[in-house]
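# Structural features, examined
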Amino acid sequence: MTEELKDIQKEENIVYKKSSLLTDNVMHYCPGCTHGVVHKLVAEVIEEMGIQGDTIGVSPVGCSVLAYNYIDIDWQEAAHGRAPALATAVSRLHPEKYVFTYQGDGDLASIGCAEIMHACNRGENIVVIFINNAIYGMTGGQMAPTTMIGQVTATTPYGRDVKLNGYNMKITELIAQLPGTCYVTRESAHTPASVRKTKKAIRKAFENAGQNKGTSFVEVVGTCSSGWKLTPEKANEWMVDNSFKEYPLGTMKDE
Amino acid sequence: MAKVRGSIVVDVEKCKGCELCAVACPKDVIQLAHEVNGKGYHYASMAKPEDCIGCASCALVCPDSCITVYRAKA
Amino acid sequence: MAEVRLMKGNEVIAEAAIRCGCDGYFGYPITPQSEVMETLMIRKPWEETGMVVLQAESEVASINMVYGGASCGKKVMTSSSSPGVSLMQEGITYLAGAEIPALVVNVVRGGPGLGTIQPAQSDYYQTCKGGGHGDYRLIVLAPASVQEMNDFVDLSFELAFKYRNPAMILSDGVIGQMMEKVTLSPYKARWTDEEIEEISGSWATTGKKANRSKNVSTSLELDSDKQEEFNLHLGRKYKAMEENEVRYEKISCDDAEYMFVAYGSSARICQKAIEICRERGIKAGLLRPITLYPFPTKQIKEMVPQLKGVLSVELSMGQMVDDVRLAVNGAIPVEHYGHVGGIIHSPEEIADALETLIIKA
């Protein structure tokens with residue numbers, strides 16, 4: 001058996017391996033975190049397009065604040081919610097570069113709501129990768145604007161109550177209405193098929209940037225096992241049963 | 001007809017034992033090992049290596065990019 | 001041949017930015033400095049030098065655009081006035097923490113809160129004593145004329161890049177709004193990509209080159225040992241600024257027995273007050289800090305043996321006076337005088353204040 005395995009495990013038989021743009025740093029994310037999958041897809045797209053030297057990433061505040069430790073490109077680490085402002089300037093000063101922000105739902109939909117809206121409305125030639133797990137992960141699982149009605153978090157211990165907390169925000173639907181956006185889609189990364197599809201969406205977004213088409217916005221509905229207090233597997237099931245109803249997958253705009 | 005055989009190599013020290021690879025595997029090849037890695041995680045390993053078809057489903061969903069997939073005609 | 005024009009202080013900031021090879025301006029309208037962006041939009045420097053000008057959705061956005069653009073090693077700036085600069089404090093401390101050179105111009109108006117659109121000098125604390133969170137300093141230049149509004153734009157960028165630190169021009173509504181003769185600077189070309197690579201290649205996020213590791217513009221360090229070392233590094237940098245970059249002007253100080261300390265518009269009024277004092281037989285002089293950080297502490301201290309008292313004159317309730325008192329260290333009386341709320345003190349009032357608060361006290 002061992003001999004047979006050695007026969008298969010040869011360099012020429014590799015069909016899938018870690019992107020060369022992912023660094024050797026062990027990601028700080030919890031087991032099963034969606035961030036790791038999407039980081040991988042961003043790295044693969046940049047590698048496959050051969051644009052490592054022409055890409056500048058902007059990381060947010062939140063769990064993915066340290067994204068710059070994992071993908072081997074130049075990065076800027078923004079203040080909470082301000083990534084689209086940084087990306088705006090980088091893109092204006094370097095129109096030939098590929099500029100993307102990587103933001104969570106607290107960063108993008110709450111504190112950075114103004115910056116993302118205006119960057120998208122100006123049609124900045126940037127890519128926005130938006131990870132929506134309906135909770136604040138980094139600070140310990142508090143309510144986010146995207147937290148769903150009834151969802152239990154550290155600051156909605158009895159479930160999100162409309163009277164107390166208002167409604168969950170479907171910011172991607174709002175973004176899709178802005179004329180500056182050329183591509184707005186909502187994806188997931190919980191199955192092999194959805195991972196392949198999300199990668200295609202990210203690829204398309206970067207290709208749009210290469211063609212100066214305006215803002216491409218890719219939401220990935222994800223999980224937060226720690227915040228949701230579920231195993232990674234159960235978190236995926238909960239996401240399918242709950243998140244997908246409020247945040248249905250699909251492309252809203254492709255121009 | 002030659003049978004397609006696959007195999008995976010897990011970067012044991014990077015694996016956090018989230019088990020999403022095991023869920024994604026269409027052939028139930030993967031299980032968490034009884035042993036733990038340096039961080040104390042039971043890591044992914046091939047319980048039924050002879051059934052692996054090298055489809056890479058496990059690697060695609062792996063958040064920590066710790067699975068390399070091989071495929072060959074045996 | 002030098003180009004001499006009659007211009008507003010705010011307009012000159014815009015003109016000087018274009019001429020010094022500035023790459024980008026990101027701003028948001030606020031009185032009394034809106035002419036900076038208005039002038040840029042009329043001038044359309046993107047057609048002339050390639051300079052980018054953008055009206056942001058807020059001061060929060062504009063300072064973060066500055067952070068993003070300046071992180072590419074470009075010469076990037078913004079301007080605002082007090083309430084707007086309060087909003088920018090987050091971005092300013094990130095610039096300091098990531099060691100990104102950039103320029104912020106504050107044409108100060110009165111506060112607190114929405115305050116008044118009239119001139120003031122009440123942002124000294126905010127500018128020189130923090131403003132944002134954490135241990136950091138800004139390089140602060142205080143123009144007292146429209147000419148200095150011109151000169152300090154280029155100088156600010158020079159110092160900002162020398163120390164990899166944000167710089168601020170702390171002006172006020174008087175200097176911003178008044179028209180004066182100004183000799184404009186000759187044009188300097190914007191830096192080429194190659195020049196940026198040479199000047200800032202070790203940190204600028206211009207896209208990872210094959211021959212270097214990735215550049216990351218960040219102010220985050222979770223390792224306590226590294227964060228302490230970083231703060232110590234900043235401390236050494238600030239010490240070097242204190243040793244090398246103090247700028248000041250002394251007027252009628254040779255035989256002075258009493259000295260005004262004043263910057264910006266107050267310093268101009270003090271020059272006239274000196275004449276009035278001397279007509280009254282009082283030997284008064286003026287020390288004008290040009291850099292508010294680093295502050296001319298040593299230069300004030302050196303004057304103490306010949307002085308009987310010092311009057312700090314500011315359009316505030318007394319902010320810079322703290323630093324003057326630290327410099328004098330109790331050796332002689334130090335008092336503050338100044339109008340607030342948008343009223344500008346007259347030379348007579350200043351001369352009277354010297355007599356009342358220092359000489360007769």
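The rules behind each value
- Residues numbered from 1 in each chain as written.
- Chains lettered and ligands numbered in written order.
- Predicted model: local features only at pLDDT ≥ 70, side-chain atom pairs only at ≥ 80, totals over all residues.
- Heavy atoms only, no water.
- Domains from an automatic or database assignment.
- Contact = heavy atoms within 4.5 Å.
- Buried area = accessible area lost by both parts, 1.4 Å probe.
- Salt bridge = Lys/Arg side-chain N within 4 Å of Asp/Glu carboxyl O.
- Polar contact = N/O pair within 3.5 Å; in protein donor to acceptor, adjacent residues only side chain to side chain.
- Helix = DSSP H or I, 4+ residues; strand = E, 2+ residues; numbered from the N terminus.
- Nonpolar A, V, L, I, M, F, W, Y, C, P; charged D, E, K, R; others polar.
- Buried < 20%, exposed > 50% of the residue type's maximum accessible area, 1.4 Å probe, protein only.
- Phe/Tyr/Trp six-rings, centres within 6.5 Å; stacked < 30°, edge-to-face > 60°.
- Lys NZ or Arg CZ within 6 Å of the ring centre and 35° of its normal.
- Axes fitted to C-alpha atoms, helices over the stretch in contact; angles between N-to-C directions.
- Parallel < 35°, antiparallel > 145°, perpendicular 65-115°, else oblique.
- Left-handed = near helix turned anticlockwise from the far one by under 90°.

Right, let's get into the domain arrangement of chain C. Residue and element names in this part refer to chain C. Taken as a whole, chain C is organised into domain 1 (3–184) and domain 2 (248–359). Centre-to-centre separation of domain 1 and domain 2, based on C-alpha positions: 27 Å. Opposite the 28 residues of domain 1 that make contact, domain 2 presents 24 residues. When the area that domain 1 buries against domain 2 is broken down by residue, the three leading residues are Gln121, Tyr124 and Tyr125, summing to 34%. The residue Lys129 makes a salt bridge to Asp323 at a minimum N-O spacing of 2.6 Å. Linking domain 1 with domain 2 are 16 residue pairs in polar contact (both at pLDDT 80 or more). Listing elements by their share of the side of domain 1 that touches domain 2, those giving two or more residues are helix H6 (124–128), strand S6 (139–141), helix H7 (146–163), strand S7 (167–172) and helix H8 (173–177). In the side of domain 1 that touches domain 2, the residues fall into 17 nonpolar, five polar and six charged.

Under the criterion given, the structure shown has 47 salt bridges over all chains. With a shortest N-O distance of 2.9 Å, Glu57(C) and Arg122(A) are connected by a salt bridge. Of this pair, Glu57(C) sits in the loop between strand S3 (52–55) and helix H4 (59–70) while Arg122(A) sits in helix H5 (residues 113–122), placing the two residues on different chains. In this structure Arg122(A) comes out as partly exposed when scored by relative accessible area, which is 25%. Notably, a salt bridge pairs Glu246(A) with Lys170(A), separated by 3.5 Å at the nearest N-O pair. Of this pair, Glu246(A) sits in helix H10 (residues 232–246) while Lys170(A) is found in the loop between helix H6 (162–165) and helix H7 (171–176), placing the two residues 76 residues apart along the sequence. For Glu246(A), a relative accessible area of 26% corresponds to the partly exposed category. Three or more residues are tied together by salt bridges with common partners; here these are Glu3(C), Arg5(C), Glu15(C), Arg19(C), Arg43(C) and Glu48(C).

So, on to the packing of aromatic side chains. Taken as a whole and assessed by the stated rule, the structure comprises eight aromatic pairs over all chains. Between the aromatic rings of Tyr29(A) and Tyr70(A), the centroid separation amounts to 5.9 Å while the plane-to-plane angle is 55°, which identifies the pairing as tilted. Of this pair, Tyr29(A) sits in the loop between strand S1 (14–16) and helix H2 (34–49) while Tyr70(A) sits in the loop between strand S2 (55–59) and strand S3 (74–77), placing them 41 residues apart in sequence. Taking relative accessible area as the criterion, Tyr29(A) reaches 5% and is therefore assigned buried. Relative to Phe217(A), the ring of Phe130(A) has its centre 5.7 Å away and its plane inclined at 55°; by these criteria the two rings are tilted. Pair noted here: Phe130(A) is in strand S5 (residues 127–132) and Phe217(A) is in strand S7 (residues 215–221), with a separation of 87 residues, a long-range link. Considered together, Phe130(A) and Phe217(A) belong to a single accessibility category, that of buried residues. These aromatic residues form a ring-pair network of at least three members: Trp75(A), Phe100(A) and Phe206(A). Above the face of the Tyr183(A) ring, Lys204(A) is positioned so that its terminal group lies 5.5 Å from the ring centre. Sitting above the plane of the Trp191(C) ring, Lys75(C) keeps its charged end 4.8 Å from the centroid.

Right, let's get into the arrangement of the chains. The top pair by number of contacts, from a total of two pairs of chains in contact, is chains A and C. A minimum C-alpha distance of 19 Å separates chain B and chain C, which share no contact.

The next point concerns the packing of helix H1 (residues 9–19) of chain C against helix H2 (residues 35–43) of chain C. Residues and elements named next belong to chain C. Relative to each other, H1 and H2 sit at 50°, their axes nearing to 7 Å. Compared by their axis directions, H1 and H2 come out oblique. Seen from above, H1 lies across H2 with right-handed handedness. Touching Asn10, Glu11, Ile13, Ala14, Glu15 and Ile18 of H1 are Glu35, Val36, Thr39, Leu40 and Arg43, all from H2. When grouped by side-chain class, the residues that make up the contact of H1 with H2 number five nonpolar, two polar and four charged.

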